[in-house]
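Examining the three-dimensional arrangement
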Amino acid sequence: MYKSPRGTADILPGEQGYFRFIEERAALLCQLYGYERIDTPVFEDARLFIRTIGPGTDIVEKETYTFDDRSGQAMTLRPEGTAPICRAYIEHGMHNLPQPMRLYYFASIFRYERPQKGRYRQHQQFGVEAIGDGDPALDAEVIDVACQFFDSLGIGNLSLQLNSIGCKLCRPAYLEELKGHYSAHVDRLCSDCKARLRKNPLRLMDCKKPYCQDIAQSAPRSIEHLCPQCKEHFESVVNYLLILGIPFEKNHRLVRGLDYYTKTVFEIQPQGEEGAQSAVGGGGRYDDLIEELGGKPTPAIGFAVGIERIVLNMKQQGVIPPAPSAQMVFVAYLGDEAKAEAVKLTAELRRGGIAVVSNLGDRSLKAQLRQANTLGVAYALIIGEEEVDSRTVMLRDMAKGEQRKVSMDEVVGLLERS
RNA sequence: GUGGGCGUGGCCUAGUGGUUAAGGCGCCAGGUUGUGGCCCUGGAGAUCGAGGGUUCAAAUCCCUCCGCUCACCCCA
């Protein structure tokens, strides 16, 4: 028996309601904020991701799906959404369009990870990128989109964590300080943190081991080591969030796993679920990324949310997506002549914009109505010998349990109006 | 990649060495002649995750693999 590959899942019809609901709300919101949809390929030149996410990060070190195509080019299945959009921004000269470029996307993301709750090898992300402006008000706008998004879905109990990790001018000095602080305790750090100290000092901050947490707690904080520009930027973002009435928590231990982030970083997580892979969304500024990819220096900010994790949260919080109200009609028949009429009528109804399924095969009327019932249709149309002879059809209201004969010629019009 | 728990029809579960693997939900059909939802009856559907081993005998014990799940790493 074949199964879906590890860490992947089929989204069955019964689950689709959640996904469609989320997509609809997101699209509506983006339109409201002036963000336009963009779609990029599922795979890209492998170097694009190594370059941007960072060669030392886990994502590129052990989580990418990379393969050589038939011409020997190394390709990588998109492990995140931002880099491809930056590539597209540069490739299509979007800097010539009014700035900032406000874009959003829905994309499948691929990471070769050990699957667990809320973490899959293929998952869906909704993300927003605002490219071409460094104004802290844009940071606040993007964060506002994220918050409004969750709001419009009816998901509550989320907290917005906010931090600034500085820029290429002030971060190196900060990292030195951080390393200095940790060096004094290096022998007692967990093995992971020892590695982090060398490879990715920022990540030291969110270790979950008790001892390492103590060290992190007393470690120098990035917000206290920002250069004047970054400091002002951060304060300004905070100020705009206050103006917008968006509640947030400053979290000096919030760092992000991708190398390209600068200044503002943020994460949205369910209240009281520290640890675990509970974050439903996150993002930040990446002011150097476009330049790094060969474009002009271009500031930008964005975020992404994990759709599957949102669905998980919706279920936990009992948020049910509104059911599509499409009324369905079932066509039942008895006998070969009636079947021919049924096939014809079914087509006419569909041409008339009425959703309809017809019986198939040769079954008792009882069986046919039983199916109509389980399908939850509003009306059943019954055609038997009598109806064929009199050019009529029995129109049965399933909820009321009442039925009447109507002329074959007027049934389409009748249903169109109901 | 590391560690823990688990794997019985489509779904949920009983069965923890011994005749044809049990039940619930769902599905299909019947309860007379062309009518649903309740009820009753019947039916289909499981090589008990896969492979190997122990035993007269294994869903039940052992090993390996695969998968699911939780935690770590990391991330949405």
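Residues numbered from 1 in each chain as written. Chains lettered and ligands numbered in written order. Predicted model: local features only at pLDDT ≥ 70, side-chain atom pairs only at ≥ 80, totals over all residues. Heavy atoms only, no water.

1. Re the protein's contact with RNA strand B
Taken together, 51 residues sit near RNA strand B, with R111, K117, R119, R203 and G257 positioned nearest. Sugar and phosphate atoms represent 52% of those atoms of RNA strand B found within 4 Å of the protein. Interatomic distance of 2.6 Å between a side-chain N/O atom of R114 and a base oxygen of RNA strand B. Between RNA strand B and G281, the relevant distance is 3.4 Å, taken from a sugar or linking oxygen to a main-chain nitrogen or oxygen of the residue. If one sorts the elements of the surface near RNA strand B by residue count, helix α13 (residues 365–375) sits on top with 7 residues. Residue composition of the surface near RNA strand B, grouped by class: 14 nonpolar, 15 polar and 22 charged. (Near = heavy atom within 4 Å. Polar contact = N/O pair within 3.5 Å; in protein donor to acceptor, adjacent residues only side chain to side chain. Helix = DSSP H or I, 4+ residues; strand = E, 2+ residues; numbered from the N terminus. Nonpolar A, V, L, I, M, F, W, Y, C, P; charged D, E, K, R; others polar.)

2. Things to note about the domain arrangement of chain A
Taken domain by domain, chain A consists of domain 1 (13–170 + 226–316) and domain 2 (328–413). The straight-line distance from the C-alpha centre of domain 1 to that of domain 2 is 50 Å. (Domains from an automatic or database assignment.)

3. Regarding the pairing of strand β16 (residues 402–407)
Looking at chain direction, strand β15 (residues 392–397) and β16 are connected through 6 bridges and run antiparallel. Bridge pairing in β16 places T392 opposite S407. Hairpin connection between β15 and β16: a loop of 4 residues separates the two successive antiparallel strands, and G401 in this loop has a positive phi of roughly 75°. (Pairing = 2+ DSSP bridges.)

4. Some remarks on the sheet that holds strand β4 (residues 74–77)
Sheet architecture is open: 3 strands sit in the order β2-β4-β3, paired in antiparallel fashion. With partners counted over all chains shown, the strands left at the sheet margins are β2 (43–45) and β3 (66–68), one partner each. The mean inter-strand angle of the sheet, taken between neighbouring strand axes irrespective of direction, is 35°. With 3 bridges connecting them, β2 and β4 associate as antiparallel partners. (Axes fitted to C-alpha atoms, helices over the stretch in contact; angles between N-to-C directions.)

5. What to know about the sheet that holds strand β10 (residues 281–285)
Spatially, 8 strands are ordered β1-β5-β6-β11-β10-β9-β7-β8 in an open sheet, and the strand pairing comes out mixed. The sheet is open, and its two edges are formed by β1 (36–37) and β8 (249–250), each paired on a single side. The pairing of β1 with strand β5 (residues 101–110) spans 2 bridges and is parallel. Among the inter-strand pairings, R37 is bridged to a residue of β5, identified as Y104. Sheet strands touched by helix α1 (residues 13–33): β5 and β6 (122–131). Its angle to β5, the strand with the most contacts, is close to 160°. Each of β5, β6, β7 (158–164), β9 (262–270), β10 and β11 (300–306) is contacted by helix α5 (residues 136–153), which is oriented at about 15° to β11, the strand it contacts most. (Contact = heavy atoms within 4.5 Å.)

6. Some words on the packing of aromatic side chains
One pass over the full model with this rule turns up 10 aromatic pairs. Between Y65 and Y112, the aromatic rings sit 5.6 Å apart at their centres with planes inclined by 75°, giving edge-to-face as the arrangement. Here Y65 is found in the loop between α3 (58–62) and β3, whereas its partner Y112 is found in the loop between β5 and β6, with 47 residues between them in sequence. Its relative accessible area of 26% is what places Y65 among the partly exposed residues. Among the aromatic residues, ring-to-ring pairing joins Y104, F106, F126, F149, F150, F266 and F303 into one connected group. A cation over an aromatic ring shows up here: R121 above the ring of Y112, its NZ or CZ 3.9 Å from the ring centre. Against the face of Y18 rests K315, its NZ or CZ located 5.2 Å from the ring centre. (Phe/Tyr/Trp six-rings, centres within 6.5 Å; stacked < 30°, edge-to-face > 60°. Buried < 20%, exposed > 50% of the residue type's maximum accessible area, 1.4 Å probe, protein only. Lys NZ or Arg CZ within 6 Å of the ring centre and 35° of its normal.)

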